[in-house]
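Commentary on secondary and tertiary structure
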Amino acid sequence: QVRFPRARLPRPSTPIALLCRRITAKRTTPLPPIRLTPKRQTLLPPTPRPMPALPTPQRSRPVTPLRPRPPRLHRRRATSKGATGVKGEYDDGYVAGEQTPAQYYFSIDSLTNEISIEYGDAGITALEVPSTIDGKNVVSLKGMGNVALTSITFAPDSHIRSVGGLGGSSIKEIALPDSVEELSWNAFTGSKTLQTVTWPNNAAFTTIPEQAFEGCEQLDDNVVATLPPSVKTIDYRAFANCGVPQFYVSVTFTQINVPGTVERIERYAFDGCSHVSSVTIGDGVKSIGALAFASLDPAIAGKEIVLPKSVEMIEWGAFENTRYGNETNHNAVALRVMNPDLQFGEAGYPGDYNERVTIDGVTYAIPFGEGQTIYAYATDSAGNPSMVKKLADAVADRKDSVDSSKPAYTFEWMGEAAQVTGKLPQSATATLAQAGQSTPLAVGDDGSFAADALSKTAATLRISLSGYYDMVLARPGDQMTGTWNIGEIKAEDFTKIPASRAIELNVGSLEPI
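Here is a short report on the structure shown in this document. (Residues numbered from 1 in each chain as written. Predicted model: local features only at pLDDT ≥ 70, side-chain atom pairs only at ≥ 80, totals over all residues. Heavy atoms only, no water.)

Quick word on the sheet that holds strand E31 (residues 417-423)
With respect to topology, 3 strands assemble into an open sheet ordered E34-E31-E37, the strand pairing being mixed. In the strand order of this sheet, the two ends are held by strand E34 (448-454) and strand E37 (482-488), each with one partner. Taken over all neighbouring pairs, the strand axes of this sheet differ in orientation by 15 degrees on average, direction set aside. In this structure, E31 lies alongside E37, joined through 5 bridges in parallel fashion. Residue pairing across strands places Thr421 opposite Asn485, the latter belonging to E37. (Pairing = 2+ DSSP bridges. Helix = DSSP H or I, 4+ residues; strand = E, 2+ residues; numbered from the N terminus. Axes fitted to C-alpha atoms, helices over the stretch in contact; angles between N-to-C directions.)

Below, the structure written as structure tokens:
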């Protein structure tokens, strides 16, 4: 409703009813009430409706407020328990002219009441890590990398679960107690003295972590060969660059024998182990990461590495040992792929741009190196072209990037059948060895045998007869096609083992003359 004060406004020239109809026609939404004054207009907002009061909820019992979680505090202390040595010049508490016992420093977890050893004085020369300190379990050794430390042992009833930070020490051996569940990511990185490791017998110890032994100069081959069955993964650069520098007279870490209980070898795991000239992959390994065995000893050229049937995946350049600087070795390591269903990792690794191939619409990183010879099956277990065969067809026209007169890769197919036959003396036994695996042969009552073998794969036949030296027959891979008939082997063809003789002498009754 519009109200006009009669005394203050002149009579409008347009009738009020007509004016209201015009305003209504132009404005589709209703206007808020307007109060007109001689000086100004004031818009009045609509009066809000009062909200009904909400009923007060009735509680059956008062709510107890949550107690805040106390902060996790780590109180740091020091002790000399189990330590041998005196404080050095730069150690805390050093007093010139005094033989102050060296200490190590630990923290106490306020929630678990467990102890972690953080670091120690530079003067510690030996340490037996105690089981407890002041009644609290010692569960972690985080750092004790001083050069003076030459010995570290653990209490027989040790509670240690994690070990690390020992790369800078001078220890030559370490026996990890069975309580150990993990190593830190750089547990022994860069050690110049560590040679042997005794592994824990603990099902929770499943991984050799990143860079745990990288750059260990004197590590023994058995450190890898004796990995416990619980270890399933060798992680990124775990053993990279192991082996002493070239100017050392003695050479270590020359062989890599990965047990079949390991399932995953991650990228760069053994990269740069420049003295390794022999690699054995245990039957049980499932995947091999990018450049896992790259840049090994040039002496590995021409040797063969067998990928057992258990290997399901191989990634970019896993055995890239073709190039050393600007030189190309066209007699590079040969690979024998025993799994017809082997798969490749997809492209996307830094540096694989020129080593990619598209198969069935998917771009893969080529897992082989230039100059390598690859022995594989042309068909998979379903009878279709294998992944290796598809790769071979896709790169058939590629030439070596340095010497264009040579192919980039050479493929040999193992699909053809091969057989070993012959006849042995009565009670003789025979074992056929190929691609790192030995198979006892079934010999008939008349001594005859016939056994299937891998084609184009070097074979060794060992024949044993009681009382005689073993006879060993060998056949190179390029001749392992069709049937290898060894003919009839007779007992007189063996070399008899001479019988040992003993002469009894009784000198007890001899008397001097």
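We are not done yet, so read on.
Some details on helix H3 (residues 387-394)
The α-helix advances 3.6 residues per turn, and as a result positions three or four apart in sequence lie on the same side. Regarding H3, the residues found buried are Met387, Val388, Leu391 and Ala392. For H3, the buried positions fall inside an angular range of 140 degrees around the axis, keeping them on one side. Lining the buried residues of H3 we find strand E26 (343-344), strand E27 (356-359), strand E28 (362-365), strand E29 (373-376) and strand E30 (410-413). (Buried < 20%, exposed > 50% of the residue type's maximum accessible area, 1.4 Å probe, protein only. Arc of directions from axis to C-beta. Contact = heavy atoms within 4.5 Å.)

A word on the layout of surface pockets
By volume, the second largest pocket amounts to about 410 Å³. Lining the second largest pocket are 20 residues, and of these Gln434, Ala435, Gly436, Gln437 and Leu454 lie nearest its centre. The biggest single contributor to the lining of the second largest pocket is E34, with 4 residues. Among the residues forming the lining of the second largest pocket, the class breakdown is 11 nonpolar, 6 polar and 3 charged. (1 Å grid on protein atoms, 1.4 Å probe; cavity = no way out; pocket = protein on both sides within 12 Å on 5 of 7 lines; lining within 4 Å. Points joined across faces, edges and corners; volume = space filled by probe spheres on them. Nonpolar A, V, L, I, M, F, W, Y, C, P; charged D, E, K, R; others polar.)

Some words on unusual backbone geometry
Backbone geometry at Asn113 places phi at a positive 65 degrees, although glycine is not the residue there. Topologically, Asn113 is positioned in the loop between strand E5 (104-109) and strand E6 (115-120). Phi at Asn241 is positive, roughly 60 degrees, even though this residue is not glycine.

Brief notes about the pairing of E5
In terms of residue burial, E5 counts as a mostly covered element, since 6 of its 6 residues are buried. Where burial is concerned, the two faces of E5 agree: the one with Tyr104, Phe106 and Ile108 and the one with Tyr105, Ser107 and Asp109 are both buried. As paired strands, E5 and E6 are joined by 5 bridges and run antiparallel to one another. When the bridges of E6 are listed, Tyr104 appears paired with Gly120. Hairpin connection of E5 to E6: 5 residues between the antiparallel strands, including Asn113 at a positive phi of 65 degrees.

Topic: the pairing of E29
Note that strand E25 (residues 334-337) and E29 share 2 bridges and pair parallel. Looking at E29, one finds that Leu335 is bridged to Ile374. Strand direction decides the pairing type here: E29 and E30, joined by 4 bridges, are parallel. Each residue of the ladder has a partner; that of Thr373, found in E30, is Thr410.

Quick word on the state of the cysteines
Covalently bonding the sulfur atom of one cysteine to the sulfur atom of another cysteine gives a disulfide. Using the criterion set out here, one finds 0 disulfides in the structure. Cysteine Cys216 shares no disulfide, and the gap to the nearest cysteine sulfur, in Cys242, comes to 5.1 Å. Residue classification places Cys216 among the buried positions, given a relative accessible area of 0%. Here Cys242 stays free of any disulfide, with the sulfur of Cys273 as its closest cysteine sulfur at 5.1 Å. (Disulfide = S-S within 2.5 Å.)

Concerning the sheet that holds strand E7 (residues 124-129)
Within a sheet, adjacent strands bond to each other through the backbone by hydrogen bonds, running parallel or antiparallel. Pairing in this open sheet of 3 strands is mixed, and the strands run E4-E7-E10 from one edge to the other. Pairing within the sheet leaves two strands with one partner each, and these edge strands are strand E4 (83-85) and strand E10 (151-154). On average, adjacent strands in this sheet sit at an angle of 10 degrees to one another, irrespective of strand direction. Pairing geometry for E7 and E10, over 4 bridges, is parallel. Bridge pairing in E10 links Glu128 to Thr153.

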